[in-house]
Amino acid sequence: MKKIIIALAILLLFTAPWIVSAPFFVHLMIMVLMWAVLGASWNILGGFTGQVSFGHATFLGAGAYTTMILYLKLGIAPWYGIPIGGLAAALIALPIGFICFRLRGPYFALSTLAVAEIIRLVALNWESLTNGPVGLLITTLPDVTFGERLIDWESKIPFYYIIAVITLGSIVATYIMSRTRLGAYSLAIREDIDSAEAIGINTVQARVAALSLSAFFAGVAGGFYAMYLRYVDPDAVFSIALSVEMVFIAVVGGLTTVAGPLIGAIVLVAFGEIFREIFLVHFKLVGHLIFYGLMMMIVIRYLPEGIWGKLRLWFGSQH
Amino acid sequence: MALLTVKGLTKYFGGLRAVHDLSFEVQPGEILGLIGPNGAGKTTAFNLIAGFIHPTRGQILLDGESIAGMKPYAVTRKGIARTFQIVKPFKKLTVLENVTLAAFLRFPSRGEAESQARRVLERMGLESKISALAVDLTLSEQKRLEIARALATQPKLLLLDEPMSGLNATEIEQASILVRDICKGGVTIVWVEHVLKAIMNSSNRVVVINQGEKIADAPPEQIVENPNVIAAYLGTKRR
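The following refers to the structure shown. This is a predicted model, so every value here is computed, not measured.

1. Overview of the overall build of chain A
Looking only at helices and strands, one finds 15 helices and four strands in chain A. For chain A, the proportion of its 319 residues judged to be buried stands at 48%. When contacts within chain A are restricted to residue pairs at least 6 apart in sequence, long-range pairs at least 24 apart make up 76% of them.

So this is what it looks like as structure tokens:
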């Protein structure tokens, strides 16, 4: 039964752009999946280890700029650049982790906020590398043939498939993590960090490992974002609003669950967009943040385990 | 050779002298009781040995090797496990999961770690609770869970921080038997306790500290007659 549901979900994931092919809907689905990856990234750290980061845009931005700069300055194609962007994010997570994980609880959360701001300012001012506030722009993507056909980068469909694969990767990685020692250690750290140390867990190392894995997926999503928009600037990829939205998605979907971030992204991003349209048309207001706020309140009050955290019990699933 | 040697151990918290020039040895196979009035520095001494705080001065040797200044996880890997005065279970995890996590230290595969955890839980009389969440256990069970978790790391030396506090008379009796059993199983024990009856009945030797300093180190029957100890607990007669 469970296998059938998973198979159907994967089938749906890969056929969705044929079912609804209007560009607006494909764009919306791309955004949902990208945010699912970012939510999954935040969940790996915030859900499993319980370490609250308000600075995850750092890794999104690191991936975005890496992919962009590699393409513009060295001519490295995005399909290499996007995973390299993920690795770059995972790499800068190491020093950030070793410094910030000396702190605990709210102090750690504040330090991530501080680091994110520092890096945003670096990106803003290091003009020789990042072009500063003007940002980086690409006009064309390199030619790729898929089988016999040349891929049409003007269409959104290829981007949909790229992000679908990345999303699947983030879900599989979360699942694997939940079944390995790193996942088990993370839960111990979330539950009680002193006890975790007392049973021989190197909690700094385990948290850095979780942060680095988390940063990898944020970086990959960032690389994808840059190529999809063909543009980056510091505010587009390093802003606190992005960091906070990752928290929303992970929490609304269900922390420490495998499918939670995807569910969170569907609810917040897709319904948020619809809400925004309705508000724009009827009230001439940008209203999706009202929807986010409402969802957050409902979840905190009635579903502290998140939407999927609650639903999975009905499905009899642990993930 | 002594299993644990503490030499001149000193810890200042700013101007507060929590532990001062504390020295004692723990022989393999013994149960050493560590007692003293409130605020005497017992828990500080424990935290120093277990690596949770680092000493201002002094040496801590396990099997002749210095462990002073090591991180808690490294101390545990060397073979010293501890429990906490106020229990710190992994609340939202099951009893089995709590102990399995500790067993991972010596058994990297989940299957072996789980069977180690089951063995330890059986010894602690918690086998019927393995699927319960730690948060749902009674205090007495949580204390036993805490000991089980420490034992699952296969320590040479077990530091028990007030395992009897908050237990009723029957539970204290059961816990004393348990502690003696653990010692018979080959684990040396250092035990901080406020319940003096339990410690006097079970320990081979008792170290008394007061205001951060050692004031007595002798078998329990001599401790109860030691004038310094009586003075520390009851005060001296005004002349």
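2. Details of the overall build of chain B
Along its length, chain B carries nine helices and 10 strands. Dimensions of chain B, computed from the C-alpha atoms along their principal axes, are close to 65 × 40 × 35 Å. Counting every position in chain B, which comprises 239 residues, the buried fraction comes to 46%. Considering only residue pairs separated by 6 or more positions, chain B has 64% of its internal contacts joining residues 24 or more positions apart.

3. Structural notes on the packing of helix H13 (residues 260-283) of chain A against helix H14 (residues 288-302) of chain A
All names here are of chain A. Two numbers describe how H13 lies on H14: the axes approach to 8 Å, and their chain directions differ by 135°. In this view, H13 runs oblique relative to H14, as classed from their interaxial angle. Note on packing geometry: the crossing formed by H13 with H14 is right-handed. Contacts between H13 and H14 involve Val-267, Leu-268, Phe-271, Gly-272, Glu-273, Phe-275 and Arg-276 from the former and His-288, Phe-291, Tyr-292 and Met-295 from the latter.

4. Re helix H6 (residues 169-184) of chain B
All names here are of chain B. Spanning 16 residues, H6 covers 23 Å between terminal C-alpha atoms, matching the ideal 22 Å at 1.5 Å per step. Three or more residues of H6 are buried, namely Ile-172, Ala-175, Val-179 and Ile-182. End-on, the buried residues of H6 take up no more than an arc of 80°, which puts them together on one face. Every exposed residue of H6 that faces more than 90 degrees away from the buried side is listed here: Ala-169, Thr-170, Ile-177, Asp-181 and Lys-184. In the core, the buried residues of H6 are packed alongside strand S3 (31-35), helix H5 (139-151), strand S7 (157-161), strand S8 (188-192) and helix H7 (196-202). Once H6 ends, the next one or two residues include Gly-186, with phi positive near 105°.

5. Looking at unusual backbone geometry
Glycine aside, residues mostly have negative phi angles, and peptide bonds mostly take the trans form. In this structure, Asn-131 of chain A is a non-glycine residue whose phi angle is positive, near 65°. With respect to the helices, strands and loops of the structure, Asn-131 of chain A is situated in the loop between helix H6 (127-130) and strand S1 (136-137). Under the C-beta neighbour-count criterion, Asn-131 of chain A is labelled partly exposed, with 19 such atoms within 10 Å. Unusually for a residue other than glycine, Gln-154 of chain B sits at a positive phi of about 55°. Mapped onto the elements of the fold, Gln-154 of chain B is located in the loop between H5 and S7.

6. Comments concerning the pairing of S7 of chain B
The side chains of a regular strand alternate, residue by residue, between the two faces of the sheet. Residue and element names in this part refer to chain B. Burial of S7 is extensive: five of the five residues sit out of reach of the surface. Both faces of S7 are covered, namely the face carrying Leu-157, Leu-159 and Asp-161 and the face carrying Leu-158 and Leu-160. Relative to S7, strand S6 (residues 80-82) runs parallel, the two sharing three bridges. Within S7, the residue paired with Ile-80 across the bridge is Leu-157. The pairing of S7 with S8 spans five bridges and is classified as parallel. What sits directly across from Leu-158, in S8, is Ile-189. Taken together, S7, H6 and S8 constitute a β-α-β crossover, and its handedness is right-handed.

7. Quick look at the sheet that holds S6 of chain B
Residues and elements named next belong to chain B. Taken together, the six strands give an open sheet; going across it, the order is S6-S7-S8-S3-S9-S10, and neighbouring strands pair in mixed fashion. Each edge of the open sheet carries a strand with a single partner, namely S6 and strand S10 (213-218). Geometrically, the sheet is characterised by an average inter-axis angle of 20° between neighbouring strands, direction not taken into account. Seen against the sheet, helix H1 (residues 42-50) touches S3, S6, S7, S8 and strand S9 (205-210) and runs at an angle of roughly 150° to S7.

8. Let's talk about the interface of chain B and chain A
Each partner contributes residues to the interface: chain B has 16 residues there, and chain A has 15 residues. Within the residue set of the side of chain B that touches chain A, elements represented by two or more residues are helix H2 (72-78) and helix H3 (95-103) of chain B. Take the side of chain B that touches chain A: its biggest share by element is four residues, from H2 of chain B. Here the residues of the side of chain B that touches chain A sort into eight nonpolar, two polar and six charged.

9. Details of helix H7 (residues 157-179) of chain A
Over its 23 residues, H7 of chain A runs 34 Å from end to end, which matches the ideal 33 Å to within 8%, given 1.5 Å per residue. All buried positions along H7 of chain A are accounted for by Phe-159, Tyr-160, Ile-163, Ile-166, Thr-167, Ser-170, Ile-171, Thr-174, Met-177 and Ser-178 of chain A.

10. Some words on the sheet that holds strand S2 (residues 16-26) of chain B
Residue and element names in this part refer to chain B. What the four strands build is an open sheet, ordered S2-S1-S4-S5; its pairing is antiparallel. The outermost strands of the open sheet, each flanked by one partner alone, are S2 and strand S5 (65-66). The pairing of strand S4 (residues 57-62) with S5 spans two bridges and is antiparallel. Pairing of Leu-61 across the sheet is with Ser-66, part of S5. Each of strand S1 (4-13), S2 and S4 touches H1; the most contacted strand, S2, lies at about 65° to it.

11. A short note on the environment of Glu-146 of chain B
Residues and elements named next belong to chain B. Along the chain, Glu-146 falls in helix H5. Here the alpha-carbon distance between Glu-146 and Val-135, two residues 11 residues apart in the chain, equals 12 Å. Setting aside residues no more than four positions away along its own chain, Glu-146 makes contact with Thr-83, Phe-84, Val-87 and Pro-89.

12. So, the environment of Thr-67 of chain A
All names here are of chain A. Tracing the chain through its elements places Thr-67 in helix H3 (residues 57-74). Looking at Thr-67, the number of C-beta atoms within 10 Å reads 31, which means it is buried. Each C-alpha atom, one on Thr-67 and one on Glu-154, is 19 Å from the other, the two residues being 87 residues apart in sequence. Those residues within four positions of Thr-67 in sequence are excluded, and the remaining contacts are Pro-78, Gly-81, Ile-82, Gly-85, Gly-223, Ala-226 and Met-227.

Calculation criteria
- Residues numbered from 1 in each chain as written.
- Chains lettered and ligands numbered in written order.
- Predicted model: local features only at pLDDT ≥ 70, side-chain atom pairs only at ≥ 80, totals over all residues.
- Helix = DSSP H or I, 4+ residues; strand = E, 2+ residues; numbered from the N terminus.
- Buried ≥ 20, exposed ≤ 12 C-beta atoms within 10 Å, placed from the backbone.
- Contact = placed C-beta atoms within 7 Å.
- Axes fitted to C-alpha atoms, helices over the stretch in contact; angles between N-to-C directions.
- Parallel < 35°, antiparallel > 145°, perpendicular 65-115°, else oblique.
- Left-handed = near helix turned anticlockwise from the far one by under 90°.
- Expected span 1.5 Å × (residues − 1).
- Arc of directions from axis to C-beta.
- Pairing = 2+ DSSP bridges.
- Right-handed = clockwise from strand over helix to strand, strands pointing away.
- Nonpolar A, V, L, I, M, F, W, Y, C, P; charged D, E, K, R; others polar.

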